[in-house]
Protein chains: 2
Amino acid sequence: MSDLLEKAQLVHATTTDLASASTAQKNEALRLISEELRNQKEFIMEENNRDIEKGRSNGLHESLIDRLVLNEQRIEEMADAMLQLVELADPVGAILEEWSRPNGLNIQKMRVPIGVVGMIYEARPNVTVDAASLCLKTGNAVLLRGSSSAIYSNIALVNVIHDALRQSALPNDAVQLVEDTSRATASEMFKLNKYLHVLIPRGGKKLIDTVVANASVPVLETGAGNCHLFIDETAQKDMAIEIAINAKTQRPSVCNSIETILVDRNWADKYMTDLVTSLQQADVEIHGDRFTQQAADHVIAVTDEDYGTEYLDKIVAIKVVDKLDEAIEHINHYGTSHSESIISEDEEHVVTFMNQVDAAAVYHNSSTRFTDGFEFGFGAEIGISTQKLHARGPMGLEALTSTKYLLHGTGQIK
Amino acid sequence: MSDLLEKAQLVHATTTDLASASTAQKNEALRLISEELRNQKEFIMEENNRDIEKGRSNGLHESLIDRLVLNEQRIEEMADAMLQLVELADPVGAILEEWSRPNGLNIQKMRVPIGVVGMIYEARPNVTVDAASLCLKTGNAVLLRGSSSAIYSNIALVNVIHDALRQSALPNDAVQLVEDTSRATASEMFKLNKYLHVLIPRGGKKLIDTVVANASVPVLETGAGNCHLFIDETAQKDMAIEIAINAKTQRPSVCNSIETILVDRNWADKYMTDLVTSLQQADVEIHGDRFTQQAADHVIAVTDEDYGTEYLDKIVAIKVVDKLDEAIEHINHYGTSHSESIISEDEEHVVTFMNQVDAAAVYHNSSTRFTDGFEFGFGAEIGISTQKLHARGPMGLEALTSTKYLLHGTGQIK
């Protein structure tokens, strides 16, 4: 029988206590988790090894095995991350607004935990510790559901967390792992509105799409990034080329890397050959329109499908556009509302682009690679939201909070 | 064939223009709608009459017929509401936060429209105008899906809105009504993530539950209110009784009325008889526990089911509790996280209650009847959210907005 319902009830029952935990108590729990991670390094690596052996015998690709591995260094990194989290301000309890009504009623809007977070994630076992610690820091309980390929590691890590919580003032049951990793149980978790206040899927597009399509529990969607760079007529040549190379090649596998470069025709007339050859020198494969193909050798003809593709690789599509409006239309049509950038010295174009492009982060004269909770200065990151509700763009600790109105009266009736 | 997809594409195509509309342009559109409503009063009433006749011949109850009616007064009220909306501040475009990073990147968080709002609602045709105007004020496009019982009225009202929009700077297609009111089309609308950014159901619990259970588009859930009044040991007698009567009887059919009164045993020892007889004099039927039954005549024995029931009528459950913790536990178990109140002179109890009760609005020494966008001073109300994400409690115009990060650089690369 699935342990889902039992675990969901256990975590749900801790929310009142968690919501009243002090910042000091939550930080102490994080410090204890950090300590226990270091103390129980050997145990964690042993259990992790069972997952690795199982993965190897199942013929798992070495790159996936690598994601599974918890070695000494990675465990130390997890333990360090706990201590960094301690240093961050606790968002819970802050009074965000306060006003009084003509009838004398005083209204305060206070930041509070969400309640129970359901986390659904793929192989990397470090997400277990990461998710649990972000939730505890913000006074949330968390129900974890990792993948079967990391099950021994996940069980071990949650045991370590429980060993730490038992020494803390926080309720031990605040972190629970669903050990039944069947699909049926996952589907049941999608509909557990009674006990879960939000679901956060972390992993590939398929996982996220499945959760969004099937969950009745509200989802914090972190999605794909089909990001664009628009090089306007007035763009400085060196800046544009340098940013194009950085945004494409610095880490092609991540969501805030660019996939298509749109180039104003007048800029292209002068510099397209330089742009393409510079990208090629940086090992980038070019899929270009007719203009781009004429400007340089070894350019593959771009298709409509290219424009909708998140390559996550050293490949980029290039298209010449006649004016700003065409660039904005292309981006709003093919983009995923993640990160978009304009390189331009024309203030009016910049304002229009930034207002009309519909994305979580819109850049001017900058690489798109900064869409990230740490780069934004949040000190933590839950993910990058590509939806419009609750939180949009890089999500720090505040994204794990809700609000509550406190109203003080002196006998007010209506 | 359903007109859903075509209409959804039409509204979606207006979002870029709407997002750049100025406050003056949006207000002018609202003024024009107000004018056209008054100009076309006769036409609206004629079309409304078709719905009423259809309703009567279908044997619709007179109370439901009354909800359908658009008479001269109600149309004037709608027209006035447009002008009140003009007076409210436009939340869109505000810079909520701004900071700079060590690398010189300047980050602004700006308030923007959500995009396309899908509104699913029951009989009252005034919701058509209400929803459309709230969306336009906040730069959102809206796809409306009303009920078949009000279809002629809804078509007429959207025609009137289109007549107004044609004279305005806003795109005419920004407001569209799905005329196919079949269930299959509604179900299709629940899954239209490509064109809709949020669904807002307005109506009864069944409608809301259906949308929440089946939608993959994010939902702004406005829900039921099983609200409580807790009378603490130190509560002032007259204040407690007056608030109990007000919170129960001033308008029993609404979500922020109370359904259960929890009474501290020591207070009950002294005043329970007065409380019960006062409520009975105000025509309230009492379902009470043993203590309550002993305190007065005509008290029906309360059941566990009572505690979970939103009566929406002049009925109240009364239960004696031994201490504050028992009251909080009862509320967090049976409540719907809507509005909860404590009557007390004990500051420590008040703080504990307000922190530990999990609800959108927690009151001290006040009736719960103030959980409402107008009573909060928002000047408008989309509904009262009982979910934890995006917005919680009464939702004003800001609940119809999202945010966007604008990042200005000087060539930053990572």
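Keep in mind it's a predicted model, so treat the numbers as computed, not measured.

**Student:** Would you mind going over the UniProt feature "domain: Aldehyde dehydrogenase" (unreviewed entry) in chain A with me for this structure?
**Tutor:** Residues and elements named next belong to chain A. The UniProt entry lists residues 18–288 and 315–377 under the feature "domain: Aldehyde dehydrogenase" (unreviewed entry), expressed in the numbering used here. As a span, residues 18–288 carries 50% helix and 18% strand, and end to end its C-alpha atoms are 55 Å apart. End C-alpha to end C-alpha, residues 315–377 measures 30 Å, and it is 33% helix and 29% strand.

**Student:** Is there a simple way to think about helix H10 (residues 205–214) of chain A in this case?
**Tutor:** All names here are of chain A. Restricting attention to buried positions, one finds in H10 the residues Leu 207, Ile 208, Val 211 and Val 212. Looking down the long axis of H10, one finds its buried residues gathered within 125° of arc, a one-sided arrangement. Opposite the packed face of H10, turned more than 90 degrees from it, sit the exposed residues Lys 205 and Lys 206. As for H10, its buried residues are in contact with strand S3 (116–121), helix H9 (183–190) and strand S6 (198–202).

**Student:** Sorry if this is basic, but what is going on with the environment of His 12 of chain A here?
**Tutor:** Residue and element names in this part refer to chain A. Looking at the secondary structure, you find His 12 in helix H1 (residues 4–12). Sequence spacing of His 12 and Leu 143 is 131 residues, and the spatial spacing of their C-alpha atoms is 9.0 Å. Setting aside chain neighbours within four positions, we find His 12 in contact with Val 116, Lys 194, Tyr 195 and His 197.

**Student:** Honestly, the packing of aromatic side chains in this entry has me stumped. Any pointers?
**Tutor:** Think of a pair of aromatic rings as described by two things: how far the centres are apart, and how the planes are tilted against each other in angle. Tallied over the full model, the rule gives 16 aromatic pairs over all chains. Measuring from centroid to centroid gives 4.9 Å for Tyr 405 of chain A and Phe 376 of chain B, while their planes differ by 80°, and the two rings are edge-to-face. Residue Tyr 405 of chain A is found in strand S16 (residues 401–412), and its partner Phe 376 of chain B is found in the loop between strand S13 (361–366) and strand S14 (383–385); the two belong to separate chains. Like Tyr 405 of chain A, the residue Phe 376 of chain B is buried in the burial classification.

**Student:** Which parts of the structure should I look at to understand the relation of the copies chain A and chain B?
**Tutor:** Each of the two copies of the chain can be brought onto the other by a rotation about an axis and a shift along it. Once turned by 180° and shifted 0.0 Å along the axis, chain A lies on chain B with an RMSD of 0.0 Å. Considering both components of the superposition, the chain copies are consistent with a two-fold axis. Looking at the rotation axis and the C-alpha trace of chain A, the residue lying nearest is His 390 of chain A, at 1.8 Å.

**Student:** Explain the packing of helix H3 (residues 23–39) of chain A against helix H7 (residues 126–137) of chain A here, please?
**Tutor:** When two helices pack together, their arrangement is captured by the angle between the axes and the distance separating the axes. All names here are of chain A. The interhelical angle for the contact between H3 and H7, taken along N-to-C directions, is 160°, at an axis separation of 9 Å. On the basis of the axis angle, H3 is roughly antiparallel to H7. Between H3 and H7 lies a crossing whose hand is right-handed. On the side of H3, the interface is formed by Lys 26, Asn 27, Leu 30, Ile 33 and Leu 37, while H7 contributes Val 129, Ser 133, Leu 136 and Lys 137.

**Student:** What am I meant to see in the sheet that holds strand S8 (residues 258–264) of chain B here?
**Tutor:** One key point about sheets: their strands pair by backbone hydrogen bonds, in either a parallel or an antiparallel sense. Strands sit in the order S1(A)-S2(A)-S16(A)-S13(B)-S12(B)-S7(B)-S8(B)-S11(B)-S9(B)-S10(B) across an open sheet of 10 strands; the sheet is mixed. Bordering the open sheet on either side are strand S1 (95–100) of chain A together with strand S10 (299–301) of chain B, each of which pairs with just one other strand. Each neighbouring strand pair of the sheet contributes to a mean axis angle of 25°, computed without reference to strand direction. In this structure, S1 of chain A lies alongside strand S2 (residues 106–113) of chain A, joined through 5 bridges in antiparallel fashion. Of the residues in S2 of chain A, the one forming a bridge with Ile 95 of chain A is Met 110 of chain A. Contacts from helix H12 (residues 265–281) of chain B reach strand S7 (227–231), S8, strand S9 (285–288), S10 and strand S11 (315–321) of chain B, with the element oriented near 145° to S8 of chain B.

**Student:** What should I look at first to understand the side chain of Lys 319 of chain B in this one?
**Tutor:** With respect to the secondary-structure elements, Lys 319 of chain B resides in strand S11. Sequence-distant contacts of Lys 319 of chain B, defined by excluding residues within four places in its chain, comprise Ile 261, Leu 262, Val 263, Asp 289, Tyr 307, Glu 326 and His 330 of chain B.

**Student:** Please explain unusual backbone geometry as it appears in this structure.
**Tutor:** One can expect most non-glycine residues to show negative phi and most peptide bonds to be in trans. With a phi angle near 55°, His 298 of chain A is a residue other than glycine that sits in the positive phi range. Along the chain, the position of His 298 of chain A falls in the loop between helix H13 (290–295) and strand S10 (299–301). One non-glycine residue, Asn 365 of chain B, adopts positive backbone phi at about 50°.

**Student:** Got a minute to help me understand the nonpolar core in this structure?
**Tutor:** In summary, soluble globular proteins display a tendency toward joint burial of nonpolar side chains. One finds Leu 37, Leu 144 and Leu 199 of chain A to be the most contacted residues of the largest nonpolar core, which totals 74 residues. Contact partners of Leu 199 of chain A, with chain neighbours within four places excluded, come to Gly 118, Ile 120, Met 189, Phe 190, Val 211, Ala 215, Val 217, Pro 218, Val 219 and Leu 220 of chain A.

**Student:** Any chance you could explain helix H7 (residues 126–137) of chain B here in plain terms?
**Tutor:** Each full turn of the α-helix corresponds to 3.6 residues, which orients residues three or four apart in the same direction. Residues and elements named next belong to chain B. The first and last C-alpha atoms of H7 sit 17 Å apart over 12 residues, in line with the 16 Å expected at 1.5 Å per residue. Of all 12 residues that make up H7, 10 are buried, and the element is covered over most of its length. Count one or two residues on from H7 and you reach Gly 139, which has phi positive near 75°.

**Student:** How do you make sense of the interface of chain A and chain B when you look at a structure like this?
**Tutor:** How big an interface is tends to be expressed through the accessible area that disappears when the partners come together. Between chain A and chain B, the contact holds 68 residues from the first and 69 residues from the second. With both sides pooled, the region where chain A packs onto chain B buries about 5,700 Å², and carbon together with sulfur makes up 54% of that total. Applying the counting criterion to the chain A and chain B interface returns 2 salt bridges. Between Lys 414 of chain B and Glu 375 of chain A there is a salt bridge; the shortest N-O distance is 3.5 Å. For the side of chain A that touches chain B, the elements supplying multiple residues, two or more each, are S2, H10, helix H11 (237–249), helix H16 (347–356), strand S13 (361–366), strand S15 (393–395) and S16 of chain A. Here the side of chain A that touches chain B gets 11 residues from one element, more than from any other, and that element is S16 of chain A. Across 5 bridges, S16 of chain A lies against S13 of chain B in parallel orientation. Looking at the pairing, Gln 412 of chain A lines up with Ser 366 of chain B of S13 of chain B.

**Student:** For this particular structure, what's the right way to read the sheet that holds strand S12 (residues 339–343) of chain A?
**Tutor:** Taken in spatial order, the 10 strands line up as S10(A)-S9(A)-S11(A)-S8(A)-S7(A)-S12(A)-S13(A)-S16(B)-S2(B)-S1(B) in an open sheet, and their pairing is mixed. Of all strands in the sheet, those bounded by a partner on one side alone are S10 of chain A together with strand S1 (95–100) of chain B. Neighbour-to-neighbour, the strand axes of the sheet open up by a mean angle of 25°, direction not taken into account. Of the pairings in the sheet, the one linking strand S7 (residues 227–231) of chain A to strand S8 (residues 258–264) of chain A comprises 5 bridges and is parallel in character.

**Student:** Whenever I open this one, the pairing of strand S16 (residues 401–412) of chain B confuses me. Can you help?
**Tutor:** Regular strands have side chains that alternate between both faces of the sheet. Residues and elements named next belong to chain B. The buried fraction of S16 amounts to 10 of the 12 residues, a majority that puts the element mostly inside the structure. Pairing of strand S2 (residues 106–113) with S16 involves 8 bridges; the strand directions are antiparallel. Opposite Pro 113, over in S16, you have Thr 401 as the bridge partner.

**Student:** Explain the pattern of salt bridges to me, please; I cannot follow it from the model alone.
**Tutor:** Oppositely charged side chains may form a pair once their charged atoms are brought near each other. All names here are of chain A. Under the defined criterion, the tally for this structure stands at 46 salt bridges over all chains. Two residues, Asp 66 and Arg 74, come together in a salt bridge whose shortest N-O distance is 3.5 Å. Arg 392 is the partner of Asp 358 in a salt bridge, and the nearest nitrogen-oxygen pair spans 2.9 Å. Of this pair, Asp 358 sits in the loop between H16 and S13 while Arg 392 sits in the loop between strand S14 (383–385) and S15, and the two are 34 residues apart along the sequence. Residue class for Arg 392 comes out buried when judged on its relative accessible area of 4%. Through salt bridges with shared partners, a single network forms among Arg 38, Lys 41, Glu 72, Glu 76 and Asp 80.

**Student:** I keep staring at the packing of helix H15 (residues 324–334) of chain A against H16 of chain A and nothing clicks. Help me out?
**Tutor:** All names here are of chain A. Two numbers describe how H15 lies on H16: the axes approach to 10 Å, and their chain directions differ by 20°. When the axis of H15 is compared with that of H16, the two are roughly parallel. Every pair of crossing elements has a handedness; the one defined by H15 and H16 is right-handed. Taken together, the residues of H16 that come into contact with H15 (itself represented by Leu 324, Ile 328, Ile 331 and Asn 332) are His 349, Thr 352, Phe 353 and Gln 356. Considered class by class, the residues forming the contact of H15 with H16 number 4 nonpolar, 4 polar and no charged.

**Student:** Looking at this model, I keep getting lost on the pairing of S8 of chain A. Mind explaining?
**Tutor:** Residues and elements named next belong to chain A. Here S8 lies mainly inside the structure; 7 of its 7 residues are buried. Handedness of the crossover joining S7 and S8 through H11: right-handed. Here S8 pairs with strand S11 (residues 315–321) via 5 bridges, running parallel. Along S11, the bridge assignment pairs Thr 260 with Ala 317.

Procedures and definitions
- Residues numbered from 1 in each chain as written.
- Chains lettered and ligands numbered in written order.
- Predicted model: local features only at pLDDT ≥ 70, side-chain atom pairs only at ≥ 80, totals over all residues.
- Heavy atoms only, no water.
- UniProt positions renumbered as here; feature names shortened; annotations may be inferred.
- Helix = DSSP H or I, 4+ residues; strand = E, 2+ residues; numbered from the N terminus.
- Buried < 20%, exposed > 50% of the residue type's maximum accessible area, 1.4 Å probe, protein only.
- Arc of directions from axis to C-beta.
- Contact = heavy atoms within 4.5 Å.
- Phe/Tyr/Trp six-rings, centres within 6.5 Å; stacked < 30°, edge-to-face > 60°.
- Least-squares fit on C-alpha atoms with pLDDT ≥ 70 in both.
- Axes fitted to C-alpha atoms, helices over the stretch in contact; angles between N-to-C directions.
- Parallel < 35°, antiparallel > 145°, perpendicular 65-115°, else oblique.
- Left-handed = near helix turned anticlockwise from the far one by under 90°.
- Pairing = 2+ DSSP bridges.
- Core = buried A, V, L, I, M, F, W, Y, C linked by side-chain atoms within 4.5 Å.
- Expected span 1.5 Å × (residues − 1).
- Buried area = accessible area lost by both parts, 1.4 Å probe.
- Salt bridge = Lys/Arg side-chain N within 4 Å of Asp/Glu carboxyl O.
- Nonpolar A, V, L, I, M, F, W, Y, C, P; charged D, E, K, R; others polar.
- Right-handed = clockwise from strand over helix to strand, strands pointing away.

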